[in-house]
Amino acid sequence: MRQADALTKEYLSNNEIFADVFNYLIYDGQQRILPENLIERDTSEITLPLGKRGELATIQKFRDILKGCIAKEYKIWS
């Protein structure tokens, strides 16, 4: 299972593939997310929950793939 997960992460790290997958899933295949607009983001996340005595406990978590994108839709009214 880990090998399949690693292969999927590597496959989706390609911006063109990532954009195609999410354009299909979200926008019915319309090209709204452009590969050149995708930005790699840090996959680590640090949280600071309070412990039992009120002290902060640092916990670091990792996400699989994290990308940022600004997708705008323009409509021309006639």
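Description of the structure in this document. Everything quoted here is computed from the prediction, not taken from an experiment.

## Re unusual backbone geometry
Piece 1. The phi angle at Asp28 is positive, at roughly 55°, despite the residue not being glycine.
Piece 2. With respect to the helices and strands, the residue Asp28 is situated in the loop between helix 2 (15–27) and strand 1 (39–40).

## Topic: the pattern of salt bridges
Piece 1. Following the criterion strictly, the structure yields 1 salt bridge and no others.
Piece 2. The shortest N-O distance in the salt bridge between Lys67 and Glu40 comes to 2.4 Å. Note that Lys67 is positioned in strand 4 (residues 67–68) and Glu40 in strand 1, a separation of 27 residues in sequence.

## Thoughts on the nonpolar core
Piece 1. Core analysis: the biggest nonpolar cluster contains 5 residues, these being Leu12, Phe18, Ala19, Ile33 and Leu38.
Piece 2. In contact with Leu38, not counting residues within four places along its chain, are Asn15, Phe18, Ala19, Ile33, Lys67, Gly68 and Cys69.

About the criteria used
Residues numbered from 1 in each chain as written. Predicted model: local features only at pLDDT ≥ 70, side-chain atom pairs only at ≥ 80, totals over all residues. Heavy atoms only, no water. Helix = DSSP H or I, 4+ residues; strand = E, 2+ residues; numbered from the N terminus. Salt bridge = Lys/Arg side-chain N within 4 Å of Asp/Glu carboxyl O. Core = buried A, V, L, I, M, F, W, Y, C linked by side-chain atoms within 4.5 Å. Buried < 20%, exposed > 50% of the residue type's maximum accessible area, 1.4 Å probe, protein only. Contact = heavy atoms within 4.5 Å.

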